[in-house]
Protein chains: 2
Amino acid sequence: MARPARRPAASRADQEGPGLASVARLLADGTRATFCLALLDGRAWTPTELARHAGVAPSTATEHLNALVTGGLLAEERQGRHRYVRLADQQIAELIENLAAVAPPRPATAARTLSADNRRRALAHARTCYDHLAGQVGVAIADAMTARDLVDWNRGLHLTPAGEQWLADLAIAIPPTTKRPALRPCLDWTERRPHLAGAIGAALCAHALKAGWIRRVGTTRAVIVTPAGRELLGARLGLSEAVLTPDPH
Amino acid sequence: MARPARRPAASRADQEGPGLASVARLLADGTRATFCLALLDGRAWTPTELARHAGVAPSTATEHLNALVTGGLLAEERQGRHRYVRLADQQIAELIENLAAVAPPRPATAARTLSADNRRRALAHARTCYDHLAGQVGVAIADAMTARDLVDWNRGLHLTPAGEQWLADLAIAIPPTTKRPALRPCLDWTERRPHLAGAIGAALCAHALKAGWIRRVGTTRAVIVTPAGRELLGARLGLSEAVLTPDPH
DNA sequence: CGATCGCTTCGGCCGCCGCCGAAGTGACCG
DNA sequence: CGGTCACTTCGGCGGCGGCCGAAGCGATCG
């Protein structure tokens, strides 16, 4: 006698599972995961760039991107013969960060190649996380602002009056209230400690880039703190040179 | 000539992807996803219960549970010939809820069988989400507390003084401050709108169960509002009968 | 208007992994 | 101390899906 039908059909299909699983499956592939982590920089990438970044053929990248767009994780824009993809919205970005934060308790870190190790170290030092700052520097800023009573973690993370003044002194406008929370903790993927996200986290990061406190490294989402940035963050937040300088190991 | 090595090896393995992907892969299977959603009720289940719930053989359930435990998503406890599994911590629970919230824009809802449809409707009406209340009732409570200025969404979600008094009147103790946020919005998976989570959300739910405002339906995480609960929520929050009664359709 | 370029489609290969039933193990019960 | 029960291990099957290269297609550029 033939073995019974692979699945009792009714018993599974009407479960609540599939929705969740279909989203998770999109992130369950190493290549697609690499794409999504790259897109966490908040910018739009082309299929070719992503393919090169992940080390797969362009045709493979196309297939993955189609799946991610169809699944609602990515948004796309077509311009002439170019296609640009980016994360669909910041809810997706948060989801990916959360997922990464749950990941294995440190993969023992020993990277295969020297350049890979440098890249990894640069990302751990300072990077953008979608639209705000993360890494050792991002966490250090959050810590310093907490220590100076510029932000308060009781009753939800929020700016203190002193914090509002601090931003005003730097000529950073507080974004108008929208559905997006003004200030929100984001669990840092490398540090396992929270840094500042939300509209104000984003404004701070945008200002830091515009004012030249930090600069992107190549096309990655790693950033370095410029001399001007070091001076300013030292003066305004008491951050030490050591924290603001990439580990030269 | 043989085709080149499946993957250029170096180009991929040292990427940041795998960590994220390995976690996502655990949730990418329908059966494992069904397990995790069941475990969102915050209780410990046995492999046999989960196998029956998901419609698979016990041996299959064992394999999945081993994977989930090894991956850190579940915690287990052994007692004699029994094994109990539960979600590892509430960070995992949040991750799963977030993932479910991103899932497809409603699977057109038409359930296969009558009982499945009733189950679905009961869950959509009111359920526990790990350790707090969700569903139409959970969202309605959040809305009512907002309308009555018991909670404030500016500068992060938090209780107002009136909210503290309101809890005190009901003899609900505010849990001591810990690393866990006191009050936190949790995006509702069916309503797509936030309900109340965090330590206070959990305390409220625990109290509601203990005081008999709500009661679990069988062994699912669906709950119904008792007559006593209807009266109390009507009096204290102005919730209407209609909201508190499951859709009888 | 031919060459190029970025992206896509297609066919085919192959490994991974979810599934089951049968048999094994250890706890518990009468 | 035999029987039962919860759970586990194992072998084997079969499908899903990620990968590539070749070929196609439309936009753009000289």
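Above this text you will find the structure in question.
Because the structure is a prediction, the values reported are computed rather than measured.

## Structural notes on the overall build of chain A
Alright, step 1. Each helix and strand counted, chain A has 12 helices and 10 strands in total.
Alright, step 2. Buried positions account for 46% of the 249 residues belonging to chain A.
Alright, step 3. For chain A, long-range pairs separated by at least 24 residues make up 55% of all intrachain contacts whose partners lie at least 6 apart in sequence.

## What about the pattern of salt bridges?
All names here are of chain A.
Alright, step 1. Inspection of the entire model under this criterion finds 12 salt bridges over all chains.
Alright, step 2. A salt bridge links Glu76 to Arg78; the shortest N-O distance between them is 3.5 Å.
Alright, step 3. Its relative accessible area of 58% is what places Arg78 among the exposed residues.
Alright, step 4. Linking Glu76 and Arg83 is a salt bridge whose minimum nitrogen-to-oxygen distance equals 2.7 Å.
Alright, step 5. Three or more residues are tied together by salt bridges with common partners; here these are Glu76, Arg78 and Arg83.

## Description of the side chain of Arg127 of chain B
All names here are of chain B.
Alright, step 1. Position of Arg127 among the secondary structure elements: in strand S3 (residues 127–129).
Alright, step 2. When its relative accessible area of 0% is taken as the criterion, Arg127 is described as buried.
Alright, step 3. Among the polar contacts listed, one links the side chain of Arg127 to the backbone oxygen of Leu123, at a separation of 3.0 Å.
Alright, step 4. When near neighbours in sequence (up to four residues on either side) are disregarded, Arg127 contacts His132, Leu133, Ala134, Gly135, Asp188, Trp189, Thr190, Arg221, Ala222 and Val223.

## A closer look at the protein's contact with DNA strand D
Alright, step 1. Neighbouring DNA strand D are 26 residues, the closest being Thr60 and His64 of chain A together with Thr48, Thr62 and Arg81 of chain B.
Alright, step 2. Here DNA strand D approaches the protein such that, of its atoms within 4 Å, sugar and phosphate make up 72%.
Alright, step 3. A distance of 2.9 Å is found between a phosphate oxygen of DNA strand D and a side-chain nitrogen or oxygen belonging to Thr31 of chain A.
Alright, step 4. Elements supplying a minimum of two residues to the surface near DNA strand D: helix H3 (30–39) and helix H5 (58–70) of chain A together with helix H4 (47–54), helix H5 (58–70) and strand S2 (82–87) of chain B.

## Side note on the nonpolar core
Alright, step 1. Residues Leu20, Leu87 and Ile96 of chain A together with Leu20, Leu87 and Ile96 of chain B are the most contacted members of the largest nonpolar core, which totals 71 residues.
Alright, step 2. Ignoring any residue separated from it by four or fewer positions in sequence, one finds Leu20 of chain A in contact with Leu27, Ala33, Leu37, Ile96, Leu99, Ala100 and Ala103 of chain B.

## Overview of unusual backbone geometry
In terms of backbone geometry, most residues other than glycine have negative phi values and most peptide bonds are trans.
Residue and element names in this part refer to chain B.
Alright, step 1. You will see that Tyr130, though not glycine, has its phi angle at about 60°, which is positive.
Alright, step 2. Tracing the backbone shows Tyr130 in the loop between S3 and strand S4 (132–134).
Alright, step 3. Of the residues examined, Tyr130 reaches a relative accessible area of 18% and is grouped as buried.

## Here we look at the packing of helix H3 (residues 30–39) of chain B against H5 of chain B
Residues and elements named next belong to chain B.
Alright, step 1. With their axes 10 Å apart at the nearest point, H3 and H5 run at an angle of 70° to one another. With respect to H5, the axis of H3 lies roughly perpendicular. Taking contact as the criterion, the partners of Thr31, Arg32, Phe35 and Cys36 in H3 are, on H5, Ala61, His64, Leu65 and Leu68.
Alright, step 2. Looking at the contact of H3 with H5, its residues break down into 5 nonpolar, 2 polar and 1 charged.

## A look at the protein's contact with DNA strand C
Alright, step 1. The environment of DNA strand C is formed by 27 residues, the closest being Thr48 and Thr62 of chain A together with Thr31, Thr60 and His64 of chain B.
Alright, step 2. Each atom of DNA strand C within 4 Å of the protein was classed as base or backbone; sugar and phosphate made up 69%.
Alright, step 3. Between DNA strand C and the protein, one listed contact pairs a base nitrogen with a side-chain N or O atom of Glu63 of chain A at 3.4 Å.
Alright, step 4. Taking Arg81 of chain B, its side chain carries an N or O atom lying 3.5 Å from a base nitrogen of DNA strand C.
Alright, step 5. Broken down by secondary-structure element, the contributors of at least two residues to the surface near DNA strand C are helix H4 (47–54), H5 and strand S2 (82–87) of chain A together with H3 and H5 of chain B.
Alright, step 6. Ranked by the residues each element gives to the surface near DNA strand C, the list is headed by H5 of chain A, at 5 residues.

## Section: the packing of H3 of chain A against H4 of chain A
Residues and elements named next belong to chain A.
Alright, step 1. Between H3 and H4, the shortest axis-to-axis distance is 10 Å and the interhelical angle comes to 115°. For the crossing formed where H3 meets H4, the hand is right-handed. Across from Thr31, Thr34, Phe35 and Ala38 in H3, the residues of H4 making contact are Leu50, Ala51, His53 and Ala54.
Alright, step 2. Taken together, the residues of the contact of H3 with H4 sort by class into 5 nonpolar, 3 polar and no charged.

## A word on the environment of Leu187 of chain B
All names here are of chain B.
Alright, step 1. Among the structural elements, Leu187 can be located in strand S7 (residues 184–187).
Alright, step 2. According to the relative accessible area criterion, Leu187 is partly exposed, its value standing at 28%.
Alright, step 3. Considering only alpha carbons, one finds Leu187 and Glu94, 93 residues apart in sequence, at a separation of 9.5 Å.

## Digging into the environment of Ala93 of chain B
Residues and elements named next belong to chain B.
Alright, step 1. Looking at the secondary structure, you find Ala93 in helix H6 (residues 90–102).
Alright, step 2. Considered as a pair, Ala93 and Cys129 are 36 residues apart in the sequence and their alpha carbons are 8.4 Å apart.
Alright, step 3. Filtering out sequence-adjacent residues up to four positions away, Ala93 remains in contact with Leu40, Leu87 and Tyr130.

Each value, and the rule that gives it
Every chain is numbered independently, its residues counted from 1 as its sequence is written. Here the convention is simple: chains get letters from A, ligands get numbers from 1, in the order in which they are written. Residues qualify for local features only when their pLDDT is at least 70, as the model is predicted, and side-chain atom pairs are given and counted only at 80 or more; totals for whole chains, interfaces and linings, by contrast, use all residues. To obtain the side-chain values, all non-hydrogen atoms of the structure were used and water was disregarded. Secondary structure elements are defined from DSSP: runs of H or I of at least 4 residues count as helices, runs of E of at least 2 residues count as strands, and each element is numbered from the N terminus. Burial classes: relative accessible area under 20% of the type maximum marks a residue as buried, over 50% as exposed, and values in between as partly exposed (1.4 Å probe, protein chains only). It only takes one pair of heavy atoms within 4.5 Å for two residues to be counted as in contact. The working definition used for a salt bridge is a side-chain nitrogen of Lys or Arg within 4 Å of a carboxyl oxygen of Asp or Glu. Each polar contact in these results corresponds to two N or O atoms within 3.5 Å; when the atoms are within protein, one needs to be able to donate a hydrogen and the other to accept it, and residues that are neighboring in sequence are counted only if both atoms are side-chain atoms. We define proximity as follows: a residue is near a molecule or strand when any one of its heavy atoms falls within 4 Å of that partner. What we call a nonpolar core is a set of buried Ala, Val, Leu, Ile, Met, Phe, Trp, Tyr and Cys residues that are connected through their side-chain atoms within 4.5 Å. Axis definition: a line fit to C-alpha positions, over the contact stretch in the case of helices; interaxial angles, taken between N-to-C directions, run 0 to 180 degrees. For this classification, under 35 degrees means roughly parallel, over 145 means roughly antiparallel, 65 to 115 means roughly perpendicular, and everything else is oblique. Amino acids outside the nonpolar list (Ala, Val, Leu, Ile, Met, Phe, Trp, Tyr, Cys, Pro) and the charged list (Asp, Glu, Lys, Arg) are all regarded as polar, and Gly is one of them. Note on convention: the crossing is left-handed when the near helix lies turned anticlockwise from the far helix by less than a right angle, right-handed when the turn is clockwise.

Structural measurements only, silent on function.
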